Amino acid sequence: MKKIKVVELFAGVGGFRLGLEKANKSVFELVFANQWEPNKKVQHAYNCYVNHFGIENTSNENIEIAKYQIPNSFDLLVGGFPCQDYSVASTGAKGIEGKKGVLWWEISHILENKKPKYVLLENVDRLLLSPSKNRGRDFAIMLMNFYKNGYNVEWQVVNAAEYGMVQRRKRVFIFAYKKSKAIIKKSDFSSSSLTDVLNQYGVINKAFKIKPFLEDTQVSKYDFKEEFKDEIDITQNWINQKFENTGVMINGDIYTLRTKPQNEPKIIKTLGSILENNVGDNYLLTSEQKLKAEYVKGAKKILRYKPNGEEYYYAEGKMSLVDDVNKPGRTMLTSESTINRSSHFIAVGKDKIRFITPIEAERLNGFDDNWTNTGMPEKMRYFCMGNALVVDIVKAIGKNIIEFNEK
Ligand SMILES: C[S@@+](CC[C@H](N)C(=O)[O-])C[C@H]1O[C@@H](n2cnc3c(N)ncnc32)[C@H](O)[C@@H]1O
């Protein structure tokens, strides 16, 4: 099999590399990896990465500098580019215009200068809708940027648990490849023919098969290369258009439709199945922490003020205090292990509850036990897992990239 030379950006603790190595370690050859946590003296994620993969071909600098160290010739660019500006958790989300969002242009710089054959990116699904005041504009800019650089694109929002993995983590995977390698060429798609084509040929969907959300779900087609000149034109003139959870861009024509998984997973992997036995008392919540947990997970109305001073009530519904161990885990965020609505709590006996352990956090993403046990504080272990991805998704896509590359 032909080797595939990989550059990994925003590498974190190496979820992409691990997934690709699990797909086939002798095919994927990492030629450059970059990871740098802004404003942090100790670079825990980078140290963890180096601990597992060695220091060779790695860089611990801001991508703005590191991009100039990337080798000229490689095949596949991967990265989970920072998503703070798009995520629901962040306030004042500014999308591509935001400080972190600007990192897109670092990727763009590499596409333009190095022209890798393939690109595989991961992000929060809200990226497709960002910014909130002008739905879809940021993703449209990215698609235009891919188009201008000569790529076709497929994207799919994958909820790992819907495909038999242990976390209900919904992330958009974006695969781009040089237009000259186009496999999907058809230009008039009904919803079922588009899903059929993607299930058969799509590098993502071959692994994560889909069907139209409803029988009569329609494909939307955007002739956006006719409508918009370039990224700036989109920035200035885009008005709310929706990108659905599934889509492709073929020679600048965009087809998008709402889909769901083709089948229920054969086996549902539960949170209970990945829990450790004999967890130490240090993971139990104190009675004070438990009270706070009950409050944050409870129903409430909070008085807040708009920037113009106007009052409004922010309302939240009641959540179960403890997680259902008979279901897959919920999405893990970087705040895991703090008293937070998003944190997992496990019932212990009748009236005690505990945090999940760092190993359980690793298992939720499919990392090997103790992957992040490389000298960083426990809080950081959870943080790194909240930032990372479900490794088996990358493994499955990686296998399809190999097949695609062999053609
Ligand atoms: C969403 S996380 C990706 C995590 C990764 N996929 C993993 O498996 O761990 C984004 C990463 O980008 C890094 N990062 C943020 N700004 C950066 C910059 N300017 N240059 C390089 N890396 C940066 C963060 O430290 C973080 O680890």
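Residues numbered from 1 in each chain as written. Predicted model: local features only at pLDDT ≥ 70, side-chain atom pairs only at ≥ 80, totals over all residues. Heavy atoms only, no water.

Taking an unreviewed UniProt entry as the reference, the protein is identified by name as Cytosine-specific methyltransferase belonging to Spiroplasma alleghenense. The heading Catalytic activity (unreviewed entry) in the UniProt record of the protein holds the text "a 2'-deoxycytidine in DNA + S-adenosyl-L-methionine = a 5-methyl-2'-deoxycytidine in DNA + S-adenosyl-L-homocysteine + H(+)". Of the comments in the UniProt record for the protein, the one headed Sequence similarities (unreviewed entry) reads "Belongs to the class I-like SAM-binding methyltransferase superfamily. C5-methyltransferase family." (UniProt positions renumbered as here; feature names shortened; annotations may be inferred.)

With respect to the nonpolar core
Phe28, Leu76, Phe175, Ile393, Ile397 and Ile401 are the most contacted members of the largest nonpolar core, which has 55 residues in total. Sort the elements by how many residues they give to this core and helix H12 (residues 391–406) lands first, with seven residues. Phe28 has contacts with Ile4, Val6, Leu20, Ala23, Leu76, Gly398, Ile401 and Ile402, leaving out every residue within four places of it along the chain. Of all hydrophobic cores here, the second largest spans 42 residues; its members include Ile107, Val119, Met142 and Val157. (Core = buried A, V, L, I, M, F, W, Y, C linked by side-chain atoms within 4.5 Å. Buried < 20%, exposed > 50% of the residue type's maximum accessible area, 1.4 Å probe, protein only. Helix = DSSP H or I, 4+ residues; strand = E, 2+ residues; numbered from the N terminus. Contact = heavy atoms within 4.5 Å.)

Regarding the site of the ligand
If you check the shell around the ligand, you find 19 residues, and the closest are Val13, Gly15, Gln35, Trp36 and Glu37. Side-chain polar atom of Gln35 to an oxygen atom of the ligand: 2.9 Å apart, as the coordinates give it. Asn62 places a side-chain nitrogen or oxygen 2.9 Å from a nitrogen atom of the ligand. Residue composition of the shell around the ligand, grouped by class: 10 nonpolar, eight polar and one charged. (Near = heavy atom within 4 Å. Polar contact = N/O pair within 3.5 Å; in protein donor to acceptor, adjacent residues only side chain to side chain. Nonpolar A, V, L, I, M, F, W, Y, C, P; charged D, E, K, R; others polar.)

So, a nonpolar patch on the surface
The grouping of Leu303, Tyr305 and Tyr313 at the surface amounts to a nonpolar patch, some 350 Å² of accessible area in total. Its relative accessible area of 54% is what places Tyr313 among the exposed residues. (Patch = residues over 30% accessible without salt bridge, like charges linked within 9 Å, V, L, I, M, F, W, Y side chains within 5 Å. Areas by Shrake-Rupley, 256 points an atom, 1.4 Å probe, with all protein chains shown as cover. Salt bridge = Lys/Arg side-chain N within 4 Å of Asp/Glu carboxyl O.)

Some words on the pairing of strand E1 (residues 4–9)
The buried fraction of E1 is high, at five of six residues. Two strands pair when backbone bridges link them, and E1 and strand E2 (residues 28–34) are joined in this way by five bridges, in the parallel orientation. What sits directly across from Glu8, in E2, is Ala33. In the classification by handedness, the crossover that spans E1, the intervening helix H1 (residues 15–24) and the parallel E2 is right-handed. With four bridges joining them, E1 and strand E4 (residues 76–79) adopt parallel strand pairing. Note that in E4 the partner of Leu9 across the bridge is Gly79. (Pairing = 2+ DSSP bridges. Right-handed = clockwise from strand over helix to strand, strands pointing away.)

With respect to the confidence of the model for the protein
Predicted confidence across the protein gives a mean pLDDT of 92, with 94% of residues reaching 70 or more. Ignoring residues within four places in sequence, the model shows residues 86–91, a span with pLDDT below 50, making 15 contacts including any to other chains. (pLDDT = per-residue confidence, 0-100.)

Brief notes about unusual backbone geometry
The amide bond that connects Ser130 to the next residue, Pro131, takes the cis arrangement and shows omega of -5°. Residue placement: Pro131 occurs in the loop between strand E5 (118–124) and helix H5 (137–148). Positive phi values are uncommon outside glycine, yet Asn39 reaches one of about 60°. Tracing the chain through its elements places Asn39 in the loop between E2 and helix H2 (44–53). Positive phi outside glycine occurs at Lys115, with the angle close to 45°. In this fold, Lys115 is placed in the loop between helix H4 (104–114) and E5.

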